[in-house]
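One-letter residues, chain by chain:
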Amino acid sequence: MKLTGAEILIESLKKEGVEVIFGYPGGAVLNIYDEIYKSDFRHILVRHEQGAVHAADGYARSSGKVGVCLVTSGPGATNTVTGLATAYMDSVPLVVFTGQVPTLLIGNDAFQEADIVGITRSCTKHNYLVKDVKDLARIIKEAFYIAASGRPGPVLVDLPKNVILDSTEYAYPEEIDIRGYHPTYTGHIYQIKRALDLIYKAKRPVTYVGGGVIISDAAEALYQFITTLGIPVTMTLMGLGAFPIRHPLSLGMLGMHGTFQANMAISESDLVIAIGARFDDRVTGKVDEFAPNAKIIHIDIDPTSISKNIKVDIPIVGDCKKVLQSLLKEIVAREEETEKIEGRIKPWLEQIEKWRGKHALAYEQEDVIKPQYVVEKLGELTKGEAIIATEVGQNQMWAAQFYEFNKPRTFLTSGGLGTMGYGLPAAIGAQVANPDKTVIDIAGDGSIQMNIQELATAVQYNLPVKVVILNNAYLGMVRQWQELFFDRRYSYTCMEKIAPDFVKLAEAYGAAGFRIEKIKDVEPILKEALAVKGPAMVDVIVEKFEGVYPMVPAGASLKQMLLV
Amino acid sequence: MKHTLSVLVENEFGVLSRVAGLFSARGFNIESLCVAETLDPTLSLMTIVTRGDEMIMEQITKQLNKLINVIKVTDLSARKFVDRELILIKMKATKTNRAEILRISDIFRGKVVDVSHKTLTIEATGDEGKLAAMIELLKPLGIKEIARTGKIAMLRGAQ
């Protein structure tokens, strides 16, 4: 049966099990939108293409499925770039379809033409320009496969208008064969045994887990691994939710705004077991002084992550879940050695408890509302069960530090790229994927204005996301750096008296708006807002000059923490 | 240290730009890059000469392998290999130096491929050392222009 390119696209999406597209129409994709109209495919209309990509990203992170976007050529396509770069850095599986001018016009500076394949080459896992409708079904199949397999990432497919209009025989390929792409899933057993040899000798071991554990659905295997061995574990920002934060073996987050005990433990350790993490500079601090006396075992599906920043002693390339399961098998087989760990590392665990007792995460609640208090209250009111999206900056770090994450896929944040404006659209996408869960965007008064237009999307589809703005009238994180390193010269970070009235703004969009100015109002008004059936925005006026601590200054060693 | 990489890639549009883009985006350097179709028209072979310590070379190899269109990366420098480059040299030829140019060209087994009243163009192939020596000797006689292909390379023996 002959189908047009547009029909093939919709049929192929159905074959891939796609439930929803986040998109925005335009000239180059009119025929696809006509097909969406005819086939009644679920489509969420965003208000800006960047929002479409972040929404698909939130959908993907919270569900584990591939997020799908559709935008038009030219500006529609270029507006996706930040979203793609965000997803690429954090390994989120997306397939983004962009319209393109007809193949005959490509390169002619046609109306709404942009070389989007050229532009996005370095911020996608792979991208395609479809030149012939005969290749379309195969390319879509490959795009979904590449996006979701190995280390996941965004794939862009550029669709010239004539390819969408042309017809061909349609058959969705069953098999896939990409000569240059064969991700390794199973860890090398010899390496796994060598890793265990090190674990069985270590006196001061610490496990350091990142987003890879969440992506590979390895939280359960990790829990088994940690509790069987009794080795402490610290998480990166992306790894939060991989292991229950309140568990006695959890050290909390490490890195620039990590806990005292996590940063001390990793610095003093003699063995670091890194799982699905990539030794980002926000985690390692000064590279030369990162875990100076430790051997390093590194489990990761992406070979390029291994020995990129830090020399690794035992690399294990493979899927986190599979490798952890293989490790567990060996651990069970070597029961005697496993039992000896407890005695050997007892002094180490005692030392860690001393660090934990010395400088716990804390703040002093005075007359003005402290942002940390708001995050803690949100944690209590939602019993730690909500999906939390964040913007970027202080709001993001306080959310990471004070909302207690216990389950994977509940914390959505732009860790690698640090994209302000990520949170609201990501929350919208997460709400689409999880209609019955509470989804909250913890925002700042700066970040929220970067994609505030998506409030209209939430209202249109009655997606009951809640936006909680920690309003300190500053671009808080930048202000904090100016306070510490620029002698309090607050250059262009003060938003006081120039911010919009967020309550009126929410109402203008058709959402519920709330404002909290007094401590006694925090709990009842948050409760009220959370109970609203539709989207709501809460403007919480918090202490202006509160900082995020502990803090390791950029380029300093992890032990050089500023504690207050 | 200098390394010569042999990179087998899909013969598709955009692949060269993916490879070149990878080098520039990650701050790796390219001394030369040479690319052409193989016996199998769906594949191309790239020969890339680059520099880096052990850690950088490991990253370059892994990052290249990570590109979907790259099929195989071989660091030839770890083994015995032969490399060759082709060079075209246009000399300022006069009555007095014409014979000397030809003599030097002969020593290096060069070939005259174009001649005019004022110029002589020589074609030569060889490894880096030979071509450097040839250029050195021809320089005082007046080189007008040179064009070189960059290196192509292959492992020795049956490998």
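Fair warning: this is a prediction, and the values are worked out from it, not measured in the lab.

Q: Would you mind showing me how to read the overall build of chain B here?
A: The number of helices and strands found in chain B is four helices and nine strands. A principal-axis box enclosing the C-alpha atoms of chain B has dimensions of 55 × 35 × 30 Å. Considering chain B as a whole, with its 159 residues, one finds that 40% of them fall into the buried category. Considering only residue pairs separated by 6 or more positions, chain B has 72% of its internal contacts joining residues 24 or more positions apart. Looking at chain B as shown, the accessible area adds up to about 8,800 Å², and 57% of this sits on carbon and sulfur atoms. Computed over 24 positive and 19 negative side-chain charges, the inter-centroid distance for chain B is 5 Å.

Q: Would you mind showing me how to read the pattern of salt bridges here?
A: As a working rule, side chains carrying opposite charge can pair if their charged atoms are close by. Residues and elements named next belong to chain B. A complete count under the given rule lists 40 salt bridges over all chains for this structure. Between Lys2 and Glu31 there is a salt bridge, with its nearest N and O atoms 3.3 Å apart. Taken as a pair, Lys2 in strand 1 (residues 2–10) and Glu31 in strand 2 (residues 30–37) lie far apart in primary sequence, 29 residues in all. Here Lys111 and Glu123 are joined by a salt bridge, their closest N and O atoms 3.9 Å apart. Placement of Lys111 in strand 6 (residues 111–115) and of Glu123 in strand 7 (residues 119–126) is noted, with a sequence separation of 12 residues between them. Three or more residues joined by partner-sharing salt bridges are found here, namely Lys2, Glu31, Arg51, Asp83, Glu128 and Lys151.

Q: Please clarify how the packing of aromatic side chains should be interpreted in this entry.
A: Each aromatic ring pair is summarised here by two numbers: the centre-to-centre distance and the angle between the ring planes. Counted by the stated rule, this structure contains 14 aromatic pairs over all chains. Taken together through their ring pairs, the aromatic side chains of Tyr208, Phe279 and Phe290 of chain A make up a single cluster. Above the face of the Phe13 of chain B ring, Lys131 of chain A is positioned so that its terminal group lies 3.9 Å from the ring centre. Over the ring of Tyr474 of chain A we find Arg479 of chain A; its NZ or CZ atom is 5.9 Å from the centre of that ring.

Q: How do you make sense of the interface of chain A and chain B when you look at a structure like this?
A: Quite often, the size of an interface is put as the accessible area lost when its parts meet. On the side of chain B, 20 residues touch chain A, which itself brings 22 residues to the contact. A buried area of about 1,800 Å², summed over both sides, lies between chain A and chain B, and 51% of it is on carbon and sulfur atoms. For the pair chain A and chain B, the interface holds three salt bridges. A salt bridge links Asp302 of chain A to Lys66 of chain B; its shortest N-O distance comes to 2.9 Å. Per-element tally for the side of chain A that touches chain B: the top contributor is strand 6 (residues 126–129) of chain A, with three residues.

Q: Help me understand helix 3 (residues 98–107) of chain B in this model?
A: Because an α-helix packs 3.6 residues into every turn, residues spaced three or four apart end up facing the same way. All names here are of chain B. If you check which residues of helix 3 are buried, you get Ile101, Ile104 and Ser105. Down the axis of helix 3, the smallest arc covering the buried residues is 100°, so these residues share one side. Those residues of helix 3 that are exposed and angled more than 90 degrees off the buried face are Asp106 and Ile107. Along its buried surface, helix 3 packs onto strand 5 (81–92), strand 6, strand 7 and helix 4 (128–142).

Q: I'm lost on the packing of helix 16 (residues 371–381) of chain A against helix 17 (residues 394–402) of chain A in this one. Help?
A: Residues and elements named next belong to chain A. For the pair helix 16 and helix 17, the least separation of the axes is 9 Å and the interaxial angle reads 50°. The pairing of helix 16 with helix 17 is recorded here as oblique in orientation. Note that helix 16 runs across helix 17; the crossing there is right-handed. Across from Pro371, Gln372, Val375 and Glu376 in helix 16, the residues of helix 17 making contact are Trp398, Ala399 and Phe402.

Q: Looking at this model, I keep getting lost on the pairing of strand 6 of chain B. Mind explaining?
A: Remark: a regular strand shows side chains that alternate across the two faces of the sheet. All names here are of chain B. Relative to strand 7, strand 6 is paired through four bridges, and the arrangement is antiparallel. Along strand 7, the bridge assignment pairs Lys111 with Glu123. If you look at the hairpin formed by strand 6 and strand 7, you'll find three residues sitting between the two strands.

Q: Explanation requested: the nonpolar core in the structure shown.
A: Nonpolar side chains tend toward joint burial in soluble globular proteins. Residue and element names in this part refer to chain A. The biggest cluster of nonpolar side chains holds 100 residues, and the ones touching the most others in it are Ile199, Tyr208, Leu222, Phe225, Ile275 and Ile297. Of all the elements, helix 14 (residues 320–333) adds the most residues to this core, at six residues. Leaving out residues up to four positions away in the same chain, Ile275 has contacts with Thr207, Tyr208, Val209, Gly210, Val213, Leu222, Phe225, Ile299, Cys320 and Leu324. Within the second largest apolar cluster, 47 residues are counted, among which are Leu94, Ile452, Leu455 and Ile469.

Q: What should I look at first to understand the environment of Ile331 of chain A in this one?
A: Residues and elements named next belong to chain A. Counting through the fold element by element, Ile331 comes out in helix 14. For Ile331, a relative accessible area of 2% corresponds to the buried category. The spatial distance from the C-alpha of Ile331 to the C-alpha of Val95 is 39 Å, given a sequence separation of 236 residues. Excluding anything up to four places from it in sequence, Ile331 contacts Leu196, Tyr200, Phe225, Thr228, Leu229 and Thr338.

Quick notes on the rules
Residues numbered from 1 in each chain as written. Chains lettered and ligands numbered in written order. Predicted model: local features only at pLDDT ≥ 70, side-chain atom pairs only at ≥ 80, totals over all residues. Heavy atoms only, no water. Helix = DSSP H or I, 4+ residues; strand = E, 2+ residues; numbered from the N terminus. Buried < 20%, exposed > 50% of the residue type's maximum accessible area, 1.4 Å probe, protein only. Contact = heavy atoms within 4.5 Å. Areas by Shrake-Rupley, 256 points an atom, 1.4 Å probe, with all protein chains shown as cover. Lys, Arg positive; Asp, Glu negative; His and termini not counted. Charge placed at Lys NZ, Arg CZ, Asp CG, Glu CD. Salt bridge = Lys/Arg side-chain N within 4 Å of Asp/Glu carboxyl O. Phe/Tyr/Trp six-rings, centres within 6.5 Å; stacked < 30°, edge-to-face > 60°. Lys NZ or Arg CZ within 6 Å of the ring centre and 35° of its normal. Buried area = accessible area lost by both parts, 1.4 Å probe. Arc of directions from axis to C-beta. Axes fitted to C-alpha atoms, helices over the stretch in contact; angles between N-to-C directions. Parallel < 35°, antiparallel > 145°, perpendicular 65-115°, else oblique. Left-handed = near helix turned anticlockwise from the far one by under 90°. Pairing = 2+ DSSP bridges. Core = buried A, V, L, I, M, F, W, Y, C linked by side-chain atoms within 4.5 Å.

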